[in-house]
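# Geometric and topological summary
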Amino acid sequence: GEAGGEASSVDEVVTFAGPRVGDTQFAMGYDELLGERTTHYVHDLDPVLAQNQPLWNALGFAHTGRRVRCAAAEPRLLADGDPSLGAPLNFADHGRYLGTVLGPSPAGWGQG
């Protein structure tokens, strides 16, 4: 279909701190078109992702593509079985992935 043609021109989709955005039917359709070319980086300290899990579960939203656990404060990938590196308490951690601050960084974010 038309969507399949547009999807074939996409080389790769990479997200950081991205939410689930659709139900199982959406996820299956997305994965059929782009799942092999989609990577979502997530980390255990991201409070936005942690706080929204119950909502996404209640809405029946599903993951798409491949999820990759990473560290927030350093450039390191984590295996699913690796222990958590802390608790999701600091809002600034939503914008910190692999030791890099994504987006604007107001003075003092993530300090202390």
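Preceding this section is the structure that the text describes.
Throughout what follows, the structure given in this document is the object of discussion. (Residues numbered from 1 in each chain as written. Predicted model: local features only at pLDDT ≥ 70, side-chain atom pairs only at ≥ 80, totals over all residues. Heavy atoms only, no water.)

This paragraph deals with the sheet that holds strand β4 (residues 77–78). Strand order in the open sheet made by the 4 strands is β1-β2-β3-β4, with mixed pairing throughout. The sheet is open, and its two edges are formed by β1 (13–16) and β4, each paired on a single side. As paired elements, β1 and strand β2 (residues 38–42) share 4 bridges and run parallel to each other. Considered in β2, the bridge of Phe16 is made with Tyr41. (Pairing = 2+ DSSP bridges. Helix = DSSP H or I, 4+ residues; strand = E, 2+ residues; numbered from the N terminus.)

Attention now goes to a nonpolar patch on the surface. A grouping of Val14, Phe16 and Leu102 is seen on the molecular surface, where their side chains present a nonpolar patch of about 220 Å² in accessible area. Looking at where Phe16 falls in the secondary structure, it is placed in strand β1. (Patch = residues over 30% accessible without salt bridge, like charges linked within 9 Å, V, L, I, M, F, W, Y side chains within 5 Å. Areas by Shrake-Rupley, 256 points an atom, 1.4 Å probe, with all protein chains shown as cover. Salt bridge = Lys/Arg side-chain N within 4 Å of Asp/Glu carboxyl O.)

As a further point, take the pattern of salt bridges. For the coordinates displayed, the defined rule picks out 3 salt bridges. Glu74 is the partner of Arg76 in a salt bridge, and the nearest nitrogen-oxygen pair spans 3.5 Å.

Let's shift gears to the pairing of strand β3 (residues 66–70). Looking at chain direction, β2 and β3 are connected through 4 bridges and run parallel. Among the inter-strand pairings, Tyr41 is bridged to a residue of β3, identified as Val68. Taking the sense of rotation as the criterion, the β-α-β connection linking β2, helix α3 (residues 47–59) and β3 turns out right-handed. In this structure, β3 lies alongside β4, joined through 2 bridges in antiparallel fashion. (Right-handed = clockwise from strand over helix to strand, strands pointing away.)

With that out of the way, let us pick up the environment of Tyr30. Note on placement: Tyr30 falls in helix α2 (residues 24–34). In sequence terms Tyr30 and Ala7 are 23 residues apart; their C-alpha atoms lie 9.4 Å from each other. In this structure, Tyr30 is in contact with Val13, Gly35, Thr38 and Thr64, ignoring residues within four places of it in sequence. (Contact = heavy atoms within 4.5 Å.)

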